[in-house]
Structures are given as structure tokens and as C-alpha cells.
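Listed below, chain by chain, are the residues.
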Amino acid sequence: MTIGVNCGHTKSGTGSGAVGIIKESEHTRLVGYALIKKLQAAGAKVVDCTIDRADTRQNCLSQITEYANREELDWFISIHFNASGEHKGHGTEVYTYKGRQYPDAAKVCANMEKLGFYNRGVKSGSGLYVIRKTKAKAMLIEVCFCDNREDMEIYKRVGAQEAVAQAIFNAIYPYAVKPEIEKVKEDKLSFVEIVGQTAQKDWKERRIVLPSVVIAQAIKESAWGTSELAKKANALFGIKKNGWQGRTYIKTATEQRADGSYYQVPVTEWRAYDNWQQSVLDHNDYIATRSTDGRKTLRYQPVIGCDQYVLVCKYLQECGYATSIDYADSLIHDYIEKYNLTEYD
Ligand SMILES: [Zn+2]
């Protein structure tokens, strides 16, 4: 899930917002960036739609919506502070398109009310440019009135930007963030399970590549089964055709030079499979039989049957399995140790 956060107005000059007891432009940023931190820490992707400078107010608004519409957002959230003529207005209000009572928008108001602010409710913001022109579900939050003494006392007392950001985060997390985070977690677990079972069974039968290393390679090379090759060709390892008689899939290859720079090889033929299990078994076949000198020697001889994951990763790298310079280190630290993959060995 991706959430766009806009910290209200420009930093200074035209369209920089209300100035009361505190400055709107300053505190929209304090609240907005505290919220962004919390969302990112929870695993959400955030697009910062804040514009610091613009010649005109309209220019600022159209830049904000342009940022917001550049990506598929699940929520667009714009943070503001209110002000009123007599400085008497107080409380929190949230604007949505046609005043739609999204549960998370209503919860923002409810959580702010718990902090002590008056709940002015979810209202129609169809007249607001950033609500009307953003493609995503959008809410504009008027945190409270920056020119009202009472509101400013509550704001300070409860912990200012930290408390407000937490109230907003708590409101949207269960609806916009949690379901997807849990789904990603489940997908990862089931990916490890599918690859792990096949790798473990094959290790018991043929003792070619240690299961933890096979799983780590599969995760790294297929991005947990989400890569183009994994999806379209059931190929988890990106093994090129190299004498393969079966089905192939054509796609550009990206290779790394010894100096670290990258280059592209278009129209590369890759092995394609009926399912991920087949891909795992073929990967082990490939390691067990690959020879570049007409079968006199096996390219991955040290890898075969080795039961020390650190050594297996090192040997893979040394035998030239991947052109990427930090391939072995990454397998060991980013995957095997991080996800406890040795359980499968
Ligand atoms: Zn404003």
C-alpha cells in the first residue's frame, strides 16, 4: 500500500497558510513528517506530496496533485491547521470528497476528540482542489485551530505533533496499512514454505544444494516470487537457456561488470517451467551438471553436497554463479540469517 502525505502549504511566501499562535506551514510539516516516519516504520510506502515553494497558490495546489497522481495511492492525506475570523473556532475537522464517511477518516476525528479536541466531524471537501483533483481516496485534516488559545493549549499539553501524528496513524493503520502488511507477510511465509519443502526433499534425496541457500537464492533472484520471470515463466532463479530443451521466456538481462557498473543484454532466452517446484529442481540439476569445458570438470563442484551455508554461498560466488559483487554476503545476511532459513537444512 502506498500513502501520499502532503504537509499543507508552501514553506513561506504566497500560499504559506495561516499564522496564529503557531505557524500553519511549520506545524503541518512537523505533524506530516512525524506521520510519514510512523507509516514507514510500519512498512507502508509513503509518497511525500509536500511543496515547499511555488509562485502562486494555484501553482502550489496543482504541483501537489501532480505529485499525488504520479503514483497509485491508497490514500492521499493533506495536513492543515485551521484559523477563524474571531479566533473563536476550535476543534478538528476532516474533509473528504462529497463528505464520504470513510471509517478511517471518522476515526481521525474520534482519536483527536480523545486527545481533547472538539470533534467537528467529517465534512464535504468537494470544493477543495486537492480533494477534487487527486485520483486516490483523499482526506484533508484540519488538525485544530492555530489561532485559538484553547486549541493551542490542548495541542501543547498532549504532546503537539507527536500526539497528533500518532492519532492519525492509529486511525488509518488498521484500514489502510495492516491488511496489506499482513498479506505480504503471509505471502512471504508461503513462498519460503513452497520452495523450502521442495529444496529439503531434494537435499535428502540428491544432496546437491543446501536448502537454506536454495531458498535464499530463490527469494533474492525472484523478489519473493514477484519478479517478471517468476510470474510469467515460473522461473525463480533466472537460469539462461544454456542447452535447455524445454520452454523458454524472452526478456532483457541486466549484468554487472567487475567494476560494479551495469549493462543490458536484450533478447536473452531464459528457462521457463510449469511451476516453482520444477524451477527449484532444475536449479539443483543445473548446479549438479553445469560444465564449461565439455564435462571434464563441474563448474560448481565445491557447492555440491556442502552442508555449511556460509561456504556454499562463498563457493557459488567464486564459481561465478552471479555477476553481482555482493551476492554471497547478501544471501547470508539478508536472507539465510535474517529469516532463519537453516531450519530447512
Ligand atoms: Zn491550510
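As shown above, the structure is provided for reference.
The following paragraphs examine the structure supplied in this document.

Rules used throughout
- Position numbers for residues count from 1 along each chain, tracking the sequence in the order it is written.
- Since the coordinates come from a predicted model, pLDDT governs what is reported: local features require at least 70, and pairs of side-chain atoms require 80 or more to be given and counted, while whole-chain, interface and lining totals use all residues.
- Calculated side-chain values reflect all of the structure's heavy atoms, with hydrogen atoms and water omitted.
- A run of H or I in DSSP becomes a helix once it reaches four residues, and a run of E becomes a strand once it reaches two; helices and strands are each numbered from the N terminus.
- Our radius of gyration is a C-alpha quantity, and the globule rule it is checked against amounts to 2.2 Å times the number of residues to the power 0.38.
- Three exposure classes are used, based on accessible area relative to the maximum for each residue type with a 1.4 Å probe and protein chains only: buried under 20%, partly exposed in between, and exposed over 50%.
- Two residues form a contact once any of their heavy atoms are found within 4.5 Å.
- Method for areas: the Shrake-Rupley scheme with a 1.4 Å probe, in which residue coverage is limited to the protein chains shown.
- Under this rule, positive means Lys or Arg and negative means Asp or Glu; His and the chain ends count for nothing.
- In plain terms, the charge of a residue is placed at NZ if it is Lys, CZ if Arg, CG if Asp and CD if Glu.
- Distances up to 2.8 Å from the metal define which N, O and S atoms are donors, and 3.2 Å serves for Na, K and Ca; water is absent from the atom set, so sites may look incomplete.
- The span expected for a helix works out to 1.5 Å for each residue beyond the first.
- Directions drawn from the helix axis to the C-beta atoms are what define this arc.
- As used in this structure description, the phrase polar contact means that two N or O atoms lie within 3.5 Å; if the pair is within protein, one of them must be able to donate a hydrogen and the other to accept it, and residues adjacent in sequence are counted only when both atoms belong to side chains.
- One speaks of a salt bridge when a side-chain nitrogen belonging to Lys or Arg is within 4 Å of a carboxyl oxygen belonging to Asp or Glu.
- Buried Ala, Val, Leu, Ile, Met, Phe, Trp, Tyr and Cys residues form a nonpolar core when they are joined through side-chain atoms within 4.5 Å.
- Whenever a helix is involved, its axis is fitted only over the stretch in contact; in every case the axis is a line through C-alpha atoms, and angles between N-to-C directions fall within 0 to 180 degrees.
- Note on angle classes: values under 35 degrees are labelled roughly parallel, values over 145 roughly antiparallel, values of 65 to 115 roughly perpendicular, and the remainder oblique.
- Note on convention: near helix rotated counterclockwise from far helix by under a right angle means a left-handed crossing. Clockwise means right-handed.

### Re the overall build of the protein
Working step 1: Per the secondary structure count, the protein includes eleven helices and eight strands.
Working step 2: For a compact globule of 345 residues, the expected C-alpha radius of gyration is about 20 Å, and the protein comes in at 27 Å, more than 25% above that figure.
Working step 3: Overall, the C-alpha framework of the protein stretches about 90 × 40 × 35 Å when taken along its three principal axes.
Working step 4: For the protein, the proportion of its 345 residues judged to be buried stands at 47%.
Working step 5: Long-range pairs, those at least 24 residues apart, make up 68% of the contacts in the protein between residues at least 6 apart in sequence.
Working step 6: Working note: accessible area of the protein is about 17100 Å², and carbon and sulfur atoms make up 48% of it.
Working step 7: In the protein, the 46 positive side-chain charges and the 43 negative ones have mean positions that sit 3 Å from each other.

### Re the coordination of the zinc ion
Working step 1: Coordination of the zinc ion by the protein involves His9 (NE2), Glu24 (OE) and His80 (ND1), with metal-donor separations of 2.1 to 2.2 Å.
Working step 2: Sequence spacing of the donor residues for the zinc ion, all on one chain, is H-x14-E-x55-H. Here His80 lies in strand S3 (residues 75-82) and Glu24 lies in helix H1 (residues 24-41), a separation of 56 residues in the sequence. The pair Glu24 / His80 is uniform in exposure class, with both members buried.

### So, helix H2 (residues 57-70)
Working step 1: The terminal C-alpha atoms of H2 lie 20 Å apart, and with 14 residues this matches the ideal 20 Å at 1.5 Å per residue to within 8%.
Working step 2: Every buried residue belonging to H2 is among Cys60, Leu61, Ile64, Thr65 and Ala68, and all of these are buried. Considered in projection along H2, the buried side chains sweep an arc of 125 degrees and stay on one side of the axis.
Working step 3: Where H2 is buried, its residues meet strand S1 (2-6), S3 and helix H4 (129-133).

### Observations concerning the environment of Gln256
Working step 1: Mapped onto the elements, Gln256 comes out in strand S7 (residues 248-256).
Working step 2: Once the C-alpha coordinates of Gln256 and Thr323 are considered, the two residues, 67 residues apart in sequence, prove to be 5.4 Å apart.
Working step 3: Looking at Gln256, its side chain comes within polar contact range of the main-chain oxygen of Gly260, at 3.0 Å.
Working step 4: Side chain to side chain, Gln256 and Tyr262 meet in a polar contact 3.5 Å long.

### Quick look at unusual backbone geometry
Working step 1: The phi dihedral of Asn234 is positive, around 50 degrees, even though this residue is not glycine.
Working step 2: Here Asn234 is to be found in the loop between helix H8 (228-233) and S7.
Working step 3: A positive phi angle is found at Val267, which is not glycine, with a value near 50 degrees.
Working step 4: With respect to the element layout, Val267 can be found in strand S8 (residues 262-271).

### Side note on the pattern of salt bridges
Side chains carrying opposite charge are able to pair once their charged atoms draw close together.
Working step 1: A full pass over the atoms with the stated rule returns 15 salt bridges.
Working step 2: With a closest N to O distance of 2.8 Å, Arg29 and Asp52 form a salt bridge. With Arg29 in helix H1 and Asp52 in the loop between strand S2 (45-48) and H2, the pair connects residues that are 23 residues apart, well separated along the chain.
Working step 3: Residue classification places Arg29 among the buried residues on the basis of a relative accessible area of 8%.

### Concerning the nonpolar core
Working step 1: Residues Val213, Ile287 and Leu316 are the most contacted members of the largest nonpolar core, which totals 47 residues.
Working step 2: Those elements that place two or more of their residues in this core are helix H6 (160-206), helix H7 (211-222), H8, S7, helix H9 (276-289), helix H10 (309-318) and helix H11 (327-336).
Working step 3: The contacts of Val213, once residues within four sequence positions are left out, are Tyr309, Val312, Cys313, Leu316, Leu331 and Ile336.
Working step 4: Ile77, Cys146, Ile168 and Val177 belong to the second-largest nonpolar core, a separate cluster that totals 43 residues.

### Topic: the environment of Asn111
Working step 1: Assignment of secondary structure puts Asn111 in helix H3 (residues 103-115).
Working step 2: The exposure class of Asn111 is buried, given its relative accessible area of 8%.
Working step 3: Look past the residues within four positions of Asn111 in its chain and what remains in contact with it is Ala167, Asn170 and Ala171.

### Digging into the packing of H6 against H7
Working step 1: At their nearest, the axes of H6 and H7 sit 8 Å apart, and the two run at 140 degrees to each other. One finds that H6 runs oblique with respect to H7. In the crossing of H6 with H7, the sense of the turn from one axis to the other is right-handed. Where H6 abuts H7, its residues Phe191, Val192, Val195, Gly196, Ala199, Gln200 and Trp203 lie against Pro211, Val214, Ile215, Ala218, Ile219 and Ser222.

On their own, these measurements won't tell you what the molecule is for.
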